[in-house]
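Residues per chain are reported as follows:
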Amino acid sequence: MKKGIANYGVGENFQGFLLVKKVQKGIARNNNGFLTLTLGDKSGDIESKVWDNVEQALTYYSVESIVEVQGVITEFQGKKQLNSNFMRAVTEDEHVTVADLLQSAPVSGNDLLEKVYEVINHDIHNDKIKAITKAVIQNFEEDFKVYPAASKNHHAYVSGLAYHTVGMLRIAESFCALYPELNKDLLFAGVILHDIGKIREYEGIVNTEYSFEGKLLGHISMINEEIGMTAKSLGIEGEEVTLLKHLVLSHHGKLEWGSPVQPIIMEAEILHLIDMVDAKMDTLRTALCDVPAGEFTERLFSMGNRSFYKPLI
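Rules of the game
- Residues numbered from 1 in each chain as written.
- Predicted model: local features only at pLDDT ≥ 70, side-chain atom pairs only at ≥ 80, totals over all residues.
- Heavy atoms only, no water.
- Helix = DSSP H or I, 4+ residues; strand = E, 2+ residues; numbered from the N terminus.
- Buried < 20%, exposed > 50% of the residue type's maximum accessible area, 1.4 Å probe, protein only.
- Contact = heavy atoms within 4.5 Å.
- Areas by Shrake-Rupley, 256 points an atom, 1.4 Å probe, with all protein chains shown as cover.
- Lys, Arg positive; Asp, Glu negative; His and termini not counted.
- Charge placed at Lys NZ, Arg CZ, Asp CG, Glu CD.
- Phe/Tyr/Trp six-rings, centres within 6.5 Å; stacked < 30°, edge-to-face > 60°.
- Lys NZ or Arg CZ within 6 Å of the ring centre and 35° of its normal.

Draft legend 1. Representation of the overall build of the protein within the structure. A count of helical and extended segments in the protein gives 11 helices and 7 strands. Each principal axis of the C-alpha distribution contributes one length, and for the protein these read about 65 × 50 × 35 Å. Residues classed as buried in the protein amount to 46% of the 313 residues present. Sequence separation of 24 or more characterises 55% of the internal contacts of the protein that already satisfy a separation of 6 or more. Carbon and sulfur atoms make up 52% of the accessible area of the protein, which amounts to about 16,700 Å² in all. Of note, the protein has its 30 positive side-chain charges centred 5 Å away from the centre of its 43 negative side-chain charges.

Draft legend 2. Structural context of the packing of aromatic side chains. Taken as a whole and assessed by the stated rule, the structure comprises 6 aromatic pairs. Here Tyr8 and Phe14 contribute two aromatic rings whose centre-to-centre distance is 5.2 Å and whose plane-to-plane angle is 80°, an arrangement assigned as edge-to-face. When sorted by exposure, Tyr8 lands in the same class as Phe14, which is buried. Across the ring face of Tyr8, the terminal group of Lys3 is positioned such that the distance to the ring centre comes to 4.4 Å.

None of this, on its own, says anything about what the molecule does.
Okay, structure coming up:
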């Protein structure tokens with residue numbers, strides 16, 4: 001397997017293709033302009049400076065462009081940088097794609113979507129809940145296959161949203177086997193729908209940021225609205241619609257965590273707990289992946305600013 005940019009140590013030479021994720025202009029002490037490029041591949045990101053022909057470089061190195069780079073890994077203020085001695089923009093006929101260089105879920109978006117439809121078609125039996133859930137997924141399925149579940153912290157990679165959803169469905173299946181009093185239809189639908197609003201809340205899969213709507217409304221209110229509109233378009237009324245709305249409105253668990261209401265049905269409480277488990281496990285799995293046994297991760301803000309140890313055993 002080819003070594004990724006994040007796995008190079010200080011002093012090592014690098015030659016390969018990287019994706020431009022961010023471009024920032026700056027002014028040096030001599031008043032000359034320079035660019036700070038955030039470059040990356042599936043392994044992670046690194047910064048590289050462009051000091052010469054800055055305005056011309058801006059036309060070549062834009063976000064989502066791909067560059068071929070040669071250089072050496074250096075360190076500045078404790079952070080690795082790529083000191084390049086050669087960089088050029090890659091052309092389309094070289095057959096290097098953005099998808100080749102972005103961190104992705106270990107399962108393809110198509111396979112993840114297939115699993116979601118399998119659950120909808122075979123495990124959700126209430127006709128109203130099935131119809132609403134299926135219609136919402138059909139409205140967003142192309143983006144659902146590729147969108148991250150967050151801009152940082154957990155499942156913040158290509159197909160992260162679908163991978164998070166399927167991971168939660170697997171946990172939900174286990175919970176339903178352990179606690180048969182749970183309503184599978186409600187819980188499975190809640191899992192599938194709870195984060196779909198993030199497709200509207202965020203923009204882009206390379207440098208994921210909040211959309212205008214996302215900043216003002218947030219994904220919870222967006223999916224609540226989507227459920228209501230979908231139910232109305234299908235001519236569906238009744239308790240099922242209200243319960244689905246409650247599931248998504250309460251899935252953050254607490255008012256101070258962004259939920260307009262707290263969970264007050266059993267399936268909503270379980271949905272919140274499953275969401276937390278899968279999010280925390282992905283955060284830890286990602287953070288520990290490149291940490292040698294016997295060492296600690298960096299402090300993880302979403303985990304109470306704790307550093308986690310990777311055991312030797």
